[in-house]
Amino acid sequence: MSELLGLLLIIANITGGILLGLSTLDKWDGESNFFNKIAGVLAPFQTIIGGALVVIPLLRLFGGHFSLYGIVSILGGILLLTHVFGKAPAFENSLRKLSDKLMPFKAIIGIVLLVIGILVIF
């Protein structure tokens, strides 16, 4: 079970990293729009990816697997779930405040998620 969660977290990190780091990746990409095309395919799944980036590291944390990798994943998940916060009124204010504080670091968190996801594969 732990290996499956680890694999799902790697996939969520890579896809979430592409969505969050798109502005930077697009600059590196040049004229080919490779990352824009991938982000267009991933965009409908933003909520699922964000949920995975929050839930899976929390499950692993409760299972005794604390890591900085998991914390970055949770932060990325919160950024991806910003549009859903209005549906959870009990947490809306605190989650929006956290998201607003993280927003300037959106691209950095995205690139870190992408790099960590790729490095964990190897």
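Residues numbered from 1 in each chain as written. Predicted model: local features only at pLDDT ≥ 70, side-chain atom pairs only at ≥ 80, totals over all residues. Heavy atoms only, no water.

### Comments concerning the side chain of Thr15
Along the chain, the position of Thr15 falls in helix α1 (residues 2–20). We classify Thr15 as buried; its relative accessible area is 16%. There is a polar contact of 2.9 Å between the side chain of Thr15 and the backbone oxygen of Ile11. Here Thr15 is in contact with Leu42 and Ile49, once residues within four sequence places are set aside. (Helix = DSSP H or I, 4+ residues; strand = E, 2+ residues; numbered from the N terminus. Buried < 20%, exposed > 50% of the residue type's maximum accessible area, 1.4 Å probe, protein only. Polar contact = N/O pair within 3.5 Å; in protein donor to acceptor, adjacent residues only side chain to side chain. Contact = heavy atoms within 4.5 Å.)

### A closer look at the packing of α1 against helix α4 (residues 46–62)
α4 packs onto α1 with a crossing angle of 140° between their chain directions and a minimal axis gap of 9 Å. Considering the angle they form, α1 stands oblique to α4. Classified by chirality, the crossing of α4 by α1 is left-handed. Mapping the contact onto sequence places Ser2, Leu5, Gly6, Leu8, Leu9, Ala12, Asn13, Thr15, Gly16 and Leu19 in α1 and Gln46, Ile49, Ala52, Leu53, Ile56, Pro57, Leu59 and Arg60 in α4. Of the residues assigned to the contact of α1 with α4, the class counts are 11 nonpolar, six polar and one charged. (Axes fitted to C-alpha atoms, helices over the stretch in contact; angles between N-to-C directions. Parallel < 35°, antiparallel > 145°, perpendicular 65-115°, else oblique. Left-handed = near helix turned anticlockwise from the far one by under 90°. Nonpolar A, V, L, I, M, F, W, Y, C, P; charged D, E, K, R; others polar.)

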